[in-house]
Structures are given as C-alpha cells and as structure tokens.
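# Structural description and commentary
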Amino acid sequence: MFAGKAMIVTGSGSGIGAATARRLACEGAAVLLADIDVGRAEAVAARIRAERGRALAMRCDVASAEDNEMVAAACAGEFGGIDGVYLNAGMLGPAESFDAIDMARFDPLVGVNLRGPLNGMATALRHVRPGGAVVVTASLAAVMGLPSGPIYAATKHAVLGLVRSAAPAFAARGLRVNAICPGRVDTPMIGVTDEAPLVSPEELAVLPVGGPLDPQHIAEIALFLLSRAAAAINGQAIVADVGMSAAIGAGR
Ligand SMILES: NC(=O)c1ccc[n+]([C@@H]2O[C@H](COP(=O)([O-])OP(=O)(O)OC[C@H]3O[C@@H](n4cnc5c(N)ncnc54)[C@H](O)[C@@H]3O)[C@@H](O)[C@H]2O)c1
C-alpha cells in the first residue's frame, strides 16, 4: 500500500506509534521513527530493519519546533521526501481530579499534546508532498470529558480544533489532515507493557464495547487515513472506541 512512500511517525518507540511504524513498514513504506526516547525508537527501527524494512530512528521532542523541522529534513534527506506524517506522541500523566489539579502539569501536557501536533502540522504543511496526509492521535477524551485527567482532555479537545481549522489550508496544498480518537488502548501509557503481536488486519480481534483495543486496531485506522483510499476524508475526527460513546449506557 505504501511502496516507495516515506512516512514519519512520532511517539513510535512504544504503543500505538510503534505498531503503526511496523505496519507502515510491512506495507512498503520507509519510516522515520521520532521519539523523545530515542533508545526505544531505535529498538523498533532495528526490528523493522530485521524484517527487511527501511527505518531510521531519531530523537525528537515534539514540543520543539526545531526538532520537528530536523525530523522533516532527515526524512527528506534519507528517504527523498515525505508522503505522510503520523503525529502520535502524547502523554497522560498521573490521574488527578479537577478539584486537585496540579498546575505544574499544565505546561508539560500542553507542550507535548497540543504544541506537539501544532508544530508537526505546521512542518508537514510545508514539507509533505502533494497527495500526502497527516494523521493526529487525539483521544476519546477529545470528544468527552475525562474527570481523572482534565488537562489531558483539554489538550485533546484543542487538537481537534487544530485539525478542523487546518483542513482547508491542507486541501489547498493537495494534502489532508485528520484525527483519530481512540478509546482505551492497551499500551504502556495506561500501564500495559505486554505487547500484542501484529496480525494480518483480517485477523484483528473483534472487541466488546469499549475494548480494550490493541495498538494495531488504531494503527490500521492510521494507515487507512494516510492512504489515498481516504482521499475524501479531511478535517475529521474518527472515534475508535468500539461503540463506547455511541449510545448512553453502551458500555454497561
Ligand atoms: N493508550 C490509550 O488508552 C490511549 C487512548 C487515547 C489516546 N491515546 C493517545 O495515543 C497516543 C500514543 O499513546 P500510547 O498509548 O501509544 O502511549 P505510549 O506511552 O506507549 O507511547 C507514547 C510515546 O510517545 C513518546 N513521547 C512522549 N513525549 C514525547 C515528546 N515530547 N516527544 C516525542 N515523543 C514523546 C514516548 O516516549 C512514547 O514512546 C498519545 O497521543 C495518547 O495520548 C492513547
């Protein structure tokens, strides 16, 4: 699906990003894996190379505009251009209630979860080849409140504002930008360190309402939105929570 294409995935040292980078490589893409934890990104890149894929790992703090530009330059230099970007890096942090918010957490969360996608989208708009696409990982907490993470929810709500607002500018350059809003996904972010093996997409587990999802469930949606098959979709937020938010009481 992505033979000859070059893709950037942020937050690709773990969880959803790692699964997406591996799936993109399986489908023929050359992948630049960007993560603040370059050791973990390099481990995923080495795995891709061992499976005969093309991958390069780089340290990148998505909150830094310079780091985003550096990653774009490296992808263009190494792989000859950029065809798609998955802006997936994010942080959750410890649970906290609204009446006990720790304001010291505001700037770090906004830096990674909001400034990160804004930096990434601005860079992508300048550098991704026409016909390409950008996907951002938001959250179910972008369309519903999260009482145990009000700042996290606010950053994710804001990301949808960016994606929707940016769609016309992306369209004007022959590009698209969309968001995925995952429900609960079993990754280290929520304390699950066991890694589900990648399977053929037709063999993905059919889940009960609300999941939990495997990282690959989200990876497959990212691949679709990054591909030309999703040419009609721009500025949208795709909720992937196996029906949790579809109806009141759906998860009970
Ligand atoms: N796991 C869930 O239940 C869930 C649900 C909804 C949304 N999400 C979102 O999915 C995305 C991926 O999360 P995950 O569950 O795979 O978590 P994860 O913790 O497994 O992976 C997150 C990755 O992002 C990297 N990262 C953190 N800060 C960074 C920074 N400043 N710059 C670059 N990389 C950075 C981490 O090193 C890590 O490799 C996040 O945006 C998260 O908010 C996760």
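Residues numbered from 1 in each chain as written. Predicted model: local features only at pLDDT ≥ 70, side-chain atom pairs only at ≥ 80, totals over all residues.

### With respect to unusual backbone geometry
Cis geometry marks the peptide bond from glycine 211 to proline 212, where omega comes out at 10°. By secondary structure assignment, the location of proline 212 is in the loop between strand S6 (176–182) and helix H6 (215–226). Of note in the backbone geometry, valine 242 takes a positive phi value of approximately 50° without being a glycine. Locating valine 242 in the fold gives a position in the segment after strand S7 (237–240). (Helix = DSSP H or I, 4+ residues; strand = E, 2+ residues; numbered from the N terminus.)

### Considerations on the site of the ligand
The full set close to the ligand counts 30 residues, and Gly11, Gly15, Gly90, Thr187 and Met189 are the nearest of them. The biggest single contributor to the shell around the ligand is helix H1 (residues 15–26), with three residues. Taken together, the residues of the shell around the ligand sort by class into 14 nonpolar, 11 polar and five charged. (Near = placed C-beta within 6 Å. Nonpolar A, V, L, I, M, F, W, Y, C, P; charged D, E, K, R; others polar.)

### A word on the nonpolar core
Proteins that are soluble and globular tend to have nonpolar side chains buried together. Core analysis: the biggest nonpolar cluster contains 76 residues, and Met7, Ala21, Val31, Leu33, Val134 and Ala222 have the highest contact counts within it. Sorting elements by how many residues they give to this core places helix H5 (residues 150–172) first, with eight residues. In this view, leucine 33 contacts Val9, Ser12, Ala21, Ala41, Val44, Ala45, Ala55 and Ala57; residues no more than four positions away in its chain are not counted. (Core = buried A, V, L, I, M, F, W, Y, C linked by C-beta atoms within 7 Å. Buried ≥ 20, exposed ≤ 12 C-beta atoms within 10 Å, placed from the backbone. Contact = placed C-beta atoms within 7 Å.)

### Regarding the environment of aspartate 186
Secondary-structure assignment places aspartate 186 in the loop between S6 and H6. For the pair aspartate 186 and leucine 213, spaced 27 residues apart in sequence, the C-alpha separation works out to 6.2 Å. Here aspartate 186 is in contact with Val192, Ala196, Pro212 and Asp214, once residues within four sequence places are set aside.

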